[in-house]
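Each chain, written out:
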Amino acid sequence: MKKRKSLYILIVGCGRLGSLSAGILSNQGHSVVVLDTDERNFESLPPEFTGFRIMGDSTEIEVLKEAKISKADLVLAFTDDDNTNYMVSQVAKEVFKVKHVIARVYDPSNLKLFHQFNIKTITPMLLALESLVGTFESIMEEEE
Amino acid sequence: MALFLVVDDEQHIRNLIKQYIGEMGHESDVAANGEEALKMIFEKKYTGMFTDVRMPGLDGITLLNAIREEQFKLPTVVVSAYANVELVTEAFKLGILDFITKPFSPNEIKAAVTEILKQTLDIKESSQYIRGMIEQKAFSQARDYICKLFSVYPDSPIPHFLYAYMKEIMGNKDEAVKHYKASVALDGGYDPSKNRLSNLEAGIEG
């Protein structure tokens, strides 16, 4: 199997999704930087996280520069606020020309806006619905 | 395959740098502080070193000073989260090749490995390598390597020979003659320059 290239990944927002992603990705050997406004959120990083922590406001360009966003192969905008995620994604794509950007979107009505700018998205509610539909289908098969 | 020394008090940083060096097909030893590193430098020959600055015990700057005092030639790249002007200046005064700030990307470390390898290329081996580049018309890449050779081996006839050879292949015979002559001036017994110079001059006169 071809050996995978190590990437430079910036994760904005160190909540549950951000911290778990950081652990998985750094465990795979990527160089991962986690950025959050609240230092206490870094406590949720799992032991397998071997990357860098930066405390700061991701809506400030200087903070993103400190995290070397322009060198990032992938940016994950995973804060708990759609507006922040949109702004970070847009800046990553348009200003710093980051090749891959994935944003977490809470409100499905915002999805169109993200997709217009070619930003890949993860929407927890839609994922839950997909899972529910799958489970429902298997229940129906059992009942038939 | 080259052997590097990675010095950092944080284990995960040591592991990351070691991993990226490994991805380039090279090996590395690790040390958690300056004392450990210094001991290892006395025991083994390393191609290059990556070191942090702030470490408990012997810090990076003291380590660089100690290496300098012992007159070891060890191309070094500093990797640090602290990059104030004074620190960076002090490190460069101690002869480091590059200063990488944390967080770093895999590509930054890999580019630094390439820089270290460029510095430590044996002049005869690298001259063959650069001749190959020139013959393949990779001029800008060849020029970079020749500039490095000029800075590392200013008294050798080889960098002038390579520069002249590149100019000759590019069709600039006047520049080529000038540098072949400079090469011969540095070492009158350096046959490759003498031979090409006499061919060129015969060609120009003819």
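Because the structure is a prediction, the values reported are computed rather than measured.

Asker: Teacher, can you tell me more about the overall build of chain A here?
Answerer: When its secondary structure is counted, chain A shows five helices and six strands. Seen in sequence order, chain A has helices and strands lined up from the N terminus as β-α-β-β-α-β-α-β-α-β-α. By its C-alpha atoms, chain A is 60 × 35 × 35 Å across when sized along the principal axes. When contacts within chain A are restricted to residue pairs at least 6 apart in sequence, those whose partners lie at least 24 apart make up 48%.

Asker: Quick question: what am I supposed to make of the sheet that holds strand S5 (residues 100-104) of chain A here?
Answerer: All names here are of chain A. Strand order in the open sheet made by the six strands is S3-S2-S1-S4-S5-S6, with parallel pairing throughout. Both edges of this open sheet fall to strand S3 (52-55) and strand S6 (120-122), since each of them pairs with a single strand only. The mean angle between the axes of side-by-side strands here comes to 20°, regardless of whether they run parallel or antiparallel. Pairing between strand S4 (residues 74-77) and S5: four bridges, direction parallel. Bridge pairing in S5 links alanine 77 to alanine 103. Packing of helix H1 (residues 16-27) onto the sheet brings it into contact with strand S1 (8-12), strand S2 (31-36), S4 and S5, and relative to S2 it is tilted by some 165°. In the packing of helix H3 (residues 82-95) onto the sheet, the strands contacted are S1, S4 and S5, and the crossing angle to S5 comes to about 175°.

Asker: When you look at the interface of chain B and chain A in this model, what are you seeing that I'm missing?
Answerer: When the parts come together, some accessible area is lost, and that loss is often what is quoted as the size of the interface. Contact with chain B, which involves twelve residues of that partner, is made by ten residues of chain A. For the side of chain B that touches chain A, the elements supplying multiple residues, two or more each, are helix H1 (11-23) and helix H5 (106-120) of chain B. The greatest single-element share of the side of chain B that touches chain A, amounting to six residues, is contributed by H1 of chain B. Considered class by class, the residues forming the side of chain B that touches chain A number five nonpolar, five polar and two charged.

Asker: Looking at this model, I keep getting lost on the packing of helix H6 (residues 123-135) of chain B against helix H8 (residues 157-170) of chain B. Mind explaining?
Answerer: Helices that pack against each other are described as a pair by the angle of their axes relative to one another and the distance between those axes. Residue and element names in this part refer to chain B. At a minimum axis separation of 10 Å, H6 and H8 run at an interaxial angle of 5°. In this view, H6 runs roughly parallel relative to H8, as classed from their interaxial angle. Contacts between H6 and H8 pair Ile123, Ser127, Ile130, Arg131 and Ile134 from the former with Ile158, Leu162, Tyr165, Met166 and Ile169 from the latter.

Asker: It is not clear to me how H1 of chain B should be interpreted in this structure. Could you clarify?
Answerer: In this model H1 of chain B runs 18 Å from its N-terminal to its C-terminal C-alpha over 13 residues, within 8% of the 18 Å that 1.5 Å per residue would give. Within H1 of chain B, the full set of buried residues consists of Ile13, Arg14, Leu16, Ile17, Lys18, Tyr20 and Ile21 of chain B. Those residues of H1 of chain B that are buried lie in contact with S2 of chain A together with strand S1 (3-7), strand S2 (27-31), strand S3 (48-51), strand S4 (76-80) and H5 of chain B. Positive backbone phi, at 85°, marks glycine 25 of chain B, one or two positions downstream of H1 of chain B.

Asker: I'm lost on the domain arrangement of chain B in this one. Help?
Answerer: The domain architecture assigned to chain B consists of domain 1 (3-120) and domain 2 (123-205). Taken over C-alpha atoms, the centre of domain 1 of chain B sits 33 Å from the centre of domain 2 of chain B.

Asker: I'm lost on the pairing of S3 of chain A in this one. Help?
Answerer: Taken residue by residue, a regular strand's side chains alternate between the two faces of the sheet. Residue and element names in this part refer to chain A. Residues of S3 alternate between two faces, with Phe52 and Ile54 buried on one and Arg53 and Met55 left unburied on the opposite face. Sheet topology places S2 next to S3; four bridges connect them, and they run parallel. Bridge pairing links valine 34 to arginine 53 in S3.

Asker: Even after reading the chapter, I still don't get the environment of histidine 179 of chain B, so can you show me in this structure?
Answerer: All names here are of chain B. Tracing the chain through its elements places histidine 179 in helix H9 (residues 173-186). Look at histidine 179 and you get buried, because 24 C-beta atoms sit within 10 Å. Sequence spacing of histidine 179 and tyrosine 163 is 16 residues, and the spatial spacing of their C-alpha atoms is 6.8 Å. Beyond its immediate stretch of four places on either side in the chain, histidine 179 contacts His160, Tyr163, Ala164 and Lys167.

Conventions we followed
Residues numbered from 1 in each chain as written. Chains lettered and ligands numbered in written order. Predicted model: local features only at pLDDT ≥ 70, side-chain atom pairs only at ≥ 80, totals over all residues. Helix = DSSP H or I, 4+ residues; strand = E, 2+ residues; numbered from the N terminus. Contact = placed C-beta atoms within 7 Å. Pairing = 2+ DSSP bridges. Axes fitted to C-alpha atoms, helices over the stretch in contact; angles between N-to-C directions. Nonpolar A, V, L, I, M, F, W, Y, C, P; charged D, E, K, R; others polar. Parallel < 35°, antiparallel > 145°, perpendicular 65-115°, else oblique. Expected span 1.5 Å × (residues − 1). Buried ≥ 20, exposed ≤ 12 C-beta atoms within 10 Å, placed from the backbone. Domains from an automatic or database assignment.

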